[in-house]
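# Structural features, examined
These are the residues of each chain, in order.
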Amino acid sequence: MARSISDGLVMIKLIRYDMPDGFAAKAIARVEDICSQTNFFNTKIPNSPIVSFWNVRDNGRRLYDCPEFKDYLSFIKLHIREYMDELNLPEQEAIVTAMWGVHYKPGQFVRNHNHTYNDYKKSPHKFTTPNDVLAVLLYLNKPENSGNLIIETPDGEKEFDIKAGHVIMFPSMLNHRTTPNNSNESKFVVGME
């Protein structure tokens, strides 16, 4: 399943990733572990989830080097190429600049932000290139009432109730945020750009 949502100026793509048996549990364990370790993003934001922000500069700690994500990366790279073709972006410019895990505990949410240099210039983890054009989020689980993704488009805000095993792709310069995790469980998401 893949479907695109377009409001004329912006295209957002939703894809289902058929997670192999045991993938979600292994990936969640990896995200929990990696989020518990020290990384470059040490700023504390009230109610903000613990996030691992390791990228191409962080030898030995890159999430996309972890074996449990090998199948997912092969899957998603095909869809990224298709999406970039739909956006008329040259494929040779597609590189992964970062991959991270997000652990939303009850009550937590992500503030409004985008993935452009101006938004992240105070964060030393950010390895910025002209290729930062696409944000890709995989939901490893999605407890009921654990918060939705809101993306600001030129035609207004769009709210997405993404399910476990689904991926959303959108231009990384769009502001986006999440609503609070109002469940009693943790929610886990893996992002990349």
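Up top is the structure these notes are about.
My aim in this report is to walk through the structure given alongside it, one point at a time. If you're wondering where the values come from, they're calculated on a predicted model, not measured in any experiment.

### Some remarks on the nonpolar core
Within the largest apolar cluster, 29 residues are counted, with the highest numbers of intra-cluster contacts made by Phe-69, Tyr-72, Ile-76, Met-99, Val-136 and Leu-140. Where this core is concerned, the elements lending two or more residues are β2 (11-16), α1 (23-36), α2 (70-86), β5 (134-139), β8 (166-171) and β10 (187-192). What Phe-69 contacts, discounting residues up to four positions off in sequence, is Phe-23, Ala-27, Arg-30, Leu-63, Met-99 and Val-190. If you look at the next biggest cluster of nonpolar residues, it comprises 19 residues, including Ile-12, Ala-98, Val-110 and Leu-137.

### With respect to the sheet that holds strand β7 (residues 156-160)
Sheet strands line up and pair through hydrogen bonds in the backbone, either parallel or antiparallel. Spatially, 3 strands are ordered β7-β6-β9 in an open sheet, and the strand pairing comes out antiparallel. Each edge of the open sheet is held by one strand with a lone partner, namely β7 and β9 (176-178). Neighbour to neighbour, the strand axes of the sheet diverge by 25 degrees on average, direction disregarded.

### Some thoughts on the environment of Tyr-104
With respect to the helices and strands, Tyr-104 occurs in strand β4 (residues 98-104). Note: C-alpha distance between Tyr-104 and Pro-49 (55 residues apart in sequence) is 4.8 Å. Those residues in contact with Tyr-104 that sit more than four places away from it in its chain are Pro-49, Phe-109, Val-110, Thr-178, Asn-181, Glu-185, Ser-186, Lys-187 and Val-189.

### Examining α2
Spanning 17 residues, α2 covers 25 Å between terminal C-alpha atoms, matching the ideal 24 Å at 1.5 Å per step. Within the span of α2, buried status applies to Tyr-72, Leu-73, Ile-76, His-79, Ile-80, Tyr-83 and Met-84. Around the axis of α2, the buried residues are gathered within 140 degrees of arc, so they sit on the same side. Projecting away from the buried face of α2 at angles above 90 degrees are the exposed residues Lys-70 and Leu-78.

Cut-offs applied
Throughout, a residue's number is its position along its own chain's written sequence, starting from 1. Given that the model is predicted, a residue must reach a pLDDT of at least 70 before its local features are reported, and side-chain atom pairs must reach 80 or more before they are shown or counted; all residues, however, enter totals for whole chains, interfaces and linings. Hydrogens and waters are ignored; side-chain quantities use all the structure's heavy atoms. Here, nonpolar core refers to any group of buried Ala, Val, Leu, Ile, Met, Phe, Trp, Tyr and Cys residues whose side-chain atoms link them within 4.5 Å. Partly exposed describes any residue whose relative accessible area lies between the buried limit of under 20% and the exposed limit of over 50%, with all areas from a 1.4 Å probe on protein chains only and scaled to the type maximum. Segments assigned H or I by DSSP are reported as helices when at least four residues long, segments assigned E as strands when at least two residues long, and all are numbered from the N terminus. What makes two residues a contact is simply this: any of their non-hydrogen atoms within 4.5 Å. Here, a strand pair is defined by DSSP locating no fewer than two bridges between the strands. Axis definition: a line fitted to C-alpha atoms, limited for helices to the stretch in contact. Angles are taken between N-to-C directions and run from 0 to 180 degrees. In this scheme, a helix's expected span is set at 1.5 Å multiplied by one less than its residue total. Note: the arc covers the axis-to-C-beta directions of the helix.

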